Amino acid sequence: MDYFSGHMDRLAKELARLPGIGAKSAMRLAYHIIGMPEEEVQALSDSILEAKKNVRYCKECFMLTDDEICPICKDPSRDHKTIMVVENTRDLSAYEKTEKYRGVYHVLHGAISPMLGIGPADIKLKELMTRLRGDVDEVIIATNSSLEGETTAMYISKLVKPTGIKVTRIASGVPVGGDLEYIDEVTLLRALDGRVEL
Ligand code: ZN
C-alpha cells in the first residue's frame, strides 16, 4: 500500500484505471479530490453516475445522446439522404465543428481489425445496412486512413455497392493513421469536398 489510508489507496487505484492516468497522476488527483470541498466531490461523483445512467446511443445513428433520437437525426433541416460513416463520436464532433456538413451520420463504434480480433459483427455495420433500406442517396465513408479504417472502408463499399446507393470515400488529405478529431477543419473540409466515388 502506497498510502497510510486504505481509502486513498482505493481512490488512486480506481483513478489509475482511466486512460492516460498513470500511478503518479492518480496519486495527484486523489490528493486533490481529498482537498476539495465535499459539495464539489459530490457534484463530480453525481455527474459521473448520471452520465453513465442516462447517456445512450441514438437509435438512428448510434452517437451518444440523452434521448432516443439525437438532435442531429431529429433536425428536419439536415439532409437525411446523405449518411457519413465515422468510427466514433469524436470523429463526428470534428465534422460537426466545421458547421459545413449538412447530412446525417452513422457511428460504427470501432473499425474492423483482424489483428485485434474485431470483425464486422463487432461494429454497427448491420445497423448501417438496415438504415440503407430507407431513402438514401449517398454513403460517405469517413473512417480513418489507418489500416483498420481502410479495411473497414473497403468492406462497407463492397456491402453497399450492390444496393445501387452511391458510395464515396473522403479524400486522402487526412494523414495516415491520424485520428480525425486531431485534424484541422480546413483539412477535414478538403477531404470531404474531394471525396471520390468507390
Ligand atoms: Zn442520431
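None of these values were measured; they are calculated from a predicted model.

Trainee: Tell me about the pairing of strand β3 (residues 79-86), and please be specific about residues and values.
Mentor: Two faces, one strand: in a regular strand the side chains alternate between the faces of the sheet. As paired strands, β3 and strand β4 (residues 103-107) are joined by five bridges and run parallel to one another. The residue bridging aspartate 79 from the neighbouring strand is glycine 103, located in β4. For the segment spanning β3, helix α5 (residues 89-98) and β4, crossover handedness is right-handed. In this structure, β3 lies alongside strand β5 (residues 138-141), joined through four bridges in parallel fashion.

Trainee: I'd like a rundown of the packing of helix α1 (residues 6-16) against helix α2 (residues 23-35), residues and numbers included.
Mentor: Where α1 meets α2, the closest approach of the two axes is 8 Å, and the angle between their N-to-C directions is 125 degrees. Of the possible angle classes, the one that applies to α1 and α2 is oblique. As for the relative orientation of α1 and α2, their crossing is right-handed in sense. Two secondary-structure elements touch here, α1 through Met8, Leu11, Ala12, Leu15 and Ala16 and α2 through Ala26, Leu29, Ala30, Tyr31, Ile33 and Ile34.

Trainee: Mind laying out the coordination of the zinc ion, listing which residues take part and the relevant values?
Mentor: Those donors, Cys58 (SG), Cys61 (SG), Cys70 (SG) and Cys73 (SG), are the protein atoms that reach the zinc ion, and they lie 2.3 Å from it. Bound by four donor atoms, the zinc ion shows angles of 105 to 115 degrees at the metal and therefore tetrahedral coordination geometry. Taken in chain order, the donor set of the zinc ion reads C-x2-C-x8-C-x2-C. Here the residue cysteine 61 occupies a position in the loop between β1 (56-57) and β2 (64-65), and cysteine 73 occupies one in helix α4 (residues 71-74), the gap between them amounting to 12 residues. Assigned by exposure class, cysteine 61 and cysteine 73 land together as buried.

Trainee: I'd like a description of the confidence of the model for the protein chain, backed by residues and values.
Mentor: Taken residue by residue, the protein chain gives an average pLDDT of 90. The fraction at 70 or more is 92%. Within the protein chain, β4 carries the highest mean pLDDT (97), whereas helix α8 (residues 185-193) carries the lowest (80).

Trainee: With reference to specific residues and values, describe the layout of surface pockets.
Mentor: Considered as a void within the structure, the largest pocket measures approximately 520 Å³ in volume. Lining the largest pocket are 15 residues; nearest its centre among them are Leu11, Leu15, Ile33, Ser45 and Ile48. Contributing elements (two or more residues each) for the lining of the largest pocket: α1, α2 and α3 (38-54). At six residues, the largest contribution of residues to the lining of the largest pocket is made by α3.

Trainee: Lay out α1 with the relevant residues and their values.
Mentor: The complete set of buried residues in α1 reads Met8, Asp9, Ala12 and Leu15. Considered in projection along α1, the buried side chains sweep an arc of 130 degrees and stay on one side of the axis. The exposed set on the far side of α1, more than 90 degrees from its buried face, consists of His7, Arg10 and Lys13. The N-terminus of α1 is capped by serine 5, whose side-chain oxygen sits 3.2 Å from the backbone nitrogen of histidine 7.

Here is what the cut-offs are and how they apply
Residues numbered from 1 in each chain as written. Predicted model: local features only at pLDDT ≥ 70, side-chain atom pairs only at ≥ 80, totals over all residues. Heavy atoms only, no water. Pairing = 2+ DSSP bridges. Helix = DSSP H or I, 4+ residues; strand = E, 2+ residues; numbered from the N terminus. Right-handed = clockwise from strand over helix to strand, strands pointing away. Axes fitted to C-alpha atoms, helices over the stretch in contact; angles between N-to-C directions. Parallel < 35°, antiparallel > 145°, perpendicular 65-115°, else oblique. Left-handed = near helix turned anticlockwise from the far one by under 90°. Contact = heavy atoms within 4.5 Å. Donors = N, O, S within 2.8 Å, 3.2 Å for Na, K, Ca; no water. Tetrahedral: all angles 85-135°; square planar, octahedral: opposite > 155°, others 65-115°. Buried < 20%, exposed > 50% of the residue type's maximum accessible area, 1.4 Å probe, protein only. pLDDT = per-residue confidence, 0-100. 1 Å grid on protein atoms, 1.4 Å probe; cavity = no way out; pocket = protein on both sides within 12 Å on 5 of 7 lines; lining within 4 Å. Points joined across faces, edges and corners; volume = space filled by probe spheres on them. Arc of directions from axis to C-beta. Polar contact = N/O pair within 3.5 Å; in protein donor to acceptor, adjacent residues only side chain to side chain.

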